[in-house]
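Coordinates in review
Here is how the chains run, residue by residue.
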Amino acid sequence: MSNSPTSAESREWGFTRAAESLNGRLAMLGFFFAVVIELLSGEGVLHFLNLV
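A brief report on the enclosed structure follows. Each chain has its residues counted from 1, following the order in which its sequence is written. Local features are withheld for residues below a pLDDT of 70 in this predicted model, meaning they are given only at 70 or higher, and side-chain atom pairs are given and counted only at 80 or more; totals for whole chains, interfaces and linings count all residues. Side-chain calculation: all heavy atoms of the structure are included, whereas hydrogens and water are not.

This next bit is on the environment of Glu-43. Helix and strand definitions here come from DSSP, where helices need a minimum of 4 consecutive H or I residues and strands a minimum of 2 consecutive E residues; each element is numbered from the N-terminal end. Mapped onto the elements of the fold, Glu-43 is located in the loop between helix H1 (17–41) and helix H2 (45–48). Sequence-distant contacts of Glu-43, defined by excluding residues within four places in its chain, comprise Ile-37, Glu-38 and Phe-48. When checking whether two residues touch, look at their non-hydrogen atoms; a contact exists if any pair is within 4.5 Å.

Structure follows, in structure tokens:
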């Protein structure tokens, strides 16, 4: 048997490069869809969702 960690054991948690890239991409998608909703409905996202 080898002493190398399995893929589940070698996963990193926290502020890794992959986690931050995913977070940034999801934030860009959220911003994009907020702008699209505002352009199509003529009102802000909070008004569109009846939160304000």
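Next comes the rest of the account.
With that settled, the discussion passes to a nonpolar patch on the surface. Distance thresholds for patches are 9 Å for like charges and 5 Å for nonpolar side chains (Val, Leu, Ile, Met, Phe, Trp, Tyr), applied to residues having over 30% relative accessible area and no salt bridge. Using the Shrake-Rupley algorithm and a 1.4 Å probe, accessible areas are obtained, with residue cover drawn only from the displayed protein chains. Salt bridge, as used here: a side-chain nitrogen of Lys or Arg that lies within 4 Å of a carboxyl oxygen of Asp or Glu. A cluster of nonpolar side chains, Leu-22, Leu-26, Leu-29, Phe-32 and Phe-33, forms an exposed patch at the surface whose accessible area comes to about 530 Å². One can find Leu-22 in helix H1.

Mapped onto the elements of the fold, Thr-16 is located in the segment before H1. Side-chain polar atoms of Thr-16 contact the backbone nitrogen of Ala-19, separated by 3.2 Å. Polar contact is defined as a pair of N or O atoms within 3.5 Å, subject to the rule that within protein one atom must be able to donate a hydrogen and the other to accept it, and that residues adjacent in sequence are counted only when both atoms are side-chain atoms.

A separate point is the environment of Ser-41. Within the secondary structure, Ser-41 is located in helix H1. Among the residues examined, Ser-41 registers a relative accessible area of 30% and is labelled partly exposed. Only 2.7 Å separates the side chain of Ser-41 from the backbone oxygen of Ile-37, close enough to count as a polar contact. Only 3.2 Å separates the side chain of Ser-41 from the backbone oxygen of Glu-43, close enough to count as a polar contact. Residue exposure (1.4 Å probe, protein chains only): buried if accessible area is under 20% of the type maximum, exposed if over 50%, otherwise partly exposed.

Now for unusual backbone geometry. With a phi close to 55 degrees, Asn-50 is a non-glycine residue in the positive phi region. Along the chain, Asn-50 turns up in the segment after H2.

Glancing now at the packing of aromatic side chains. A ring pair, where both rings are aromatic, is described by two values, the distance of the centres and the angle of the planes. Within 6.5 Å between ring centres, the rings of Phe, Tyr and Trp (the latter by its six-membered ring) count as paired, and their orientation is classed by plane angle as stacked under 30 degrees, edge-to-face over 60, tilted in between. Within the structure shown, the criterion is met by one aromatic pair. Both rings, one in Phe-32 and one in Phe-33, keep their centres 5.3 Å apart while their planes meet at 70 degrees; by these two values the pair is edge-to-face. Taking the relative accessible area as the measure of exposure, Phe-32 reaches 48% and is therefore partly exposed. Given the relative accessible area of 48%, Phe-33 is considered partly exposed.

What follows is about the environment of Val-35. Looking at where Val-35 falls in the secondary structure, it is placed in helix H1. Separated by ten residues in the primary sequence, Val-35 and Val-45 have C-alpha atoms spaced 8.3 Å apart.

The values reported here are purely geometric and, on their own, carry no functional implication.
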